[in-house]
Amino acid sequence: MNDLLGAVKWRQEAGAWRHVFPGEAGGEEECGGLAGKDALDVLDSENTANRVKKGCGEGTSHDRTRQAITNSLKKKLRDLLGEFNVLRTQIQEEYRDVVSRHYSAINGTP
């Protein structure tokens, strides 16, 4: 284990890590698969396709349950995106302040 850590410790580029952790290759594509809005669009299309099945038509308890779950997921996604936008704005403002301070320190202007 220590030999592995020693070999990994000095690797800087991602390509150099692939032979050390071969099972992890390709994980980036899996994470970016169905995320957020795309997954909700798939759920919506599955909901409409499910209404064709016997006993799952529009207005049934099964259909209402599926719609309620989809709507709650949409609301949760909207809330998370709102929180993300607030955080992104806050990070941008902080970065702008840091750059402004660095500029002032280098140029001597307030």
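Everything in this summary refers to the structure shown in the same document. Please read these numbers as outputs of a predicted model, since none were measured by experiment.

Calculation rules
Residues numbered from 1 in each chain as written. Predicted model: local features only at pLDDT ≥ 70, side-chain atom pairs only at ≥ 80, totals over all residues. Heavy atoms only, no water. Helix = DSSP H or I, 4+ residues; strand = E, 2+ residues; numbered from the N terminus. Buried < 20%, exposed > 50% of the residue type's maximum accessible area, 1.4 Å probe, protein only. Contact = heavy atoms within 4.5 Å. Areas by Shrake-Rupley, 256 points an atom, 1.4 Å probe, with all protein chains shown as cover. Expected span 1.5 Å × (residues − 1). Arc of directions from axis to C-beta. Salt bridge = Lys/Arg side-chain N within 4 Å of Asp/Glu carboxyl O. Axes fitted to C-alpha atoms, helices over the stretch in contact; angles between N-to-C directions. Parallel < 35°, antiparallel > 145°, perpendicular 65-115°, else oblique. Left-handed = near helix turned anticlockwise from the far one by under 90°.

### Looking at the overall build of the protein
- Of the regular secondary structure elements, the protein holds four helices and zero strands.
- Overall, the protein shows an N-to-C arrangement of helices and strands of α-α-α-α.
- Within the protein, buried positions represent 9% of all 110 residues.
- Here the contacts in the protein between residues at least 6 apart in sequence split such that 30% fall between residues at least 24 apart.
- Carbon and sulfur atoms provide 58% of the accessible area of the protein, an area that totals close to 9200 Å².

### Focus: helix H3 (residues 37-50)
- Here H3 contains 14 residues, and its C-alpha end-to-end distance of 20 Å stays within 8% of the 20 Å for a straight helix at 1.5 Å per residue.
- Those residues of H3 that fall on the buried side of the exposure criterion are Leu40, Asn47 and Asn50. Across the axial projection of H3, the buried residues extend over an arc of 85°, all falling on one side.
- Buried residues belonging to H3 abut helix H4 (61-107).

### Topic: H4
- For H4, with 47 residues, the first-to-last C-alpha span of 68 Å sits near the 69 Å given by 1.5 Å per residue.
- Positive backbone phi, approximately 75°, marks Gly108, located one or two places after H4.

### Observations concerning the side chain of Asp63
- Along the chain, Asp63 turns up in helix H4.
- If near-sequence neighbours (up to four positions away) are discounted, Asp63 is found in contact with Arg51, Cys56, Gly57 and Glu58.

### Examining the pattern of salt bridges
- A full pass over the atoms with the stated rule returns three salt bridges.
- For Arg51, the salt bridge identified is with Asp63, shortest N-O distance 3.0 Å. Of this pair, Arg51 sits in the loop between H3 and H4 while Asp63 sits in helix H4, and the two are 12 residues apart along the sequence.
- Two residues, Lys75 and Asp79, come together in a salt bridge whose shortest N-O distance is 3.2 Å. Of the two residues, Lys75 and Asp79 both sit in helix H4, four residues apart, roughly one turn of that helix.
- What makes Lys75 partly exposed here is its relative accessible area of 46%.
- Note on Asp79: relative accessible area 39%, which makes it partly exposed.

### Digging into the environment of Arg78
- If you trace the backbone, Arg78 turns up in helix H4.
- You can call Arg78 exposed: its relative accessible area is 56%.

### Here we look at the packing of H3 against H4
- Close contact between H3 and H4 brings their axes to 10 Å; oriented N to C, the two are set at 170°. For the element pair H3 / H4, the angle class is roughly antiparallel. Pair H3 / H4 crosses with left-handed handedness. Each of Lys37, Leu40, Leu43, Asp44, Glu46, Asn47 and Asn50 in H3 lies in contact with H4, whose residues at this interface are His62, Arg66, Gln67, Thr70, Leu73, Lys74 and Leu77.

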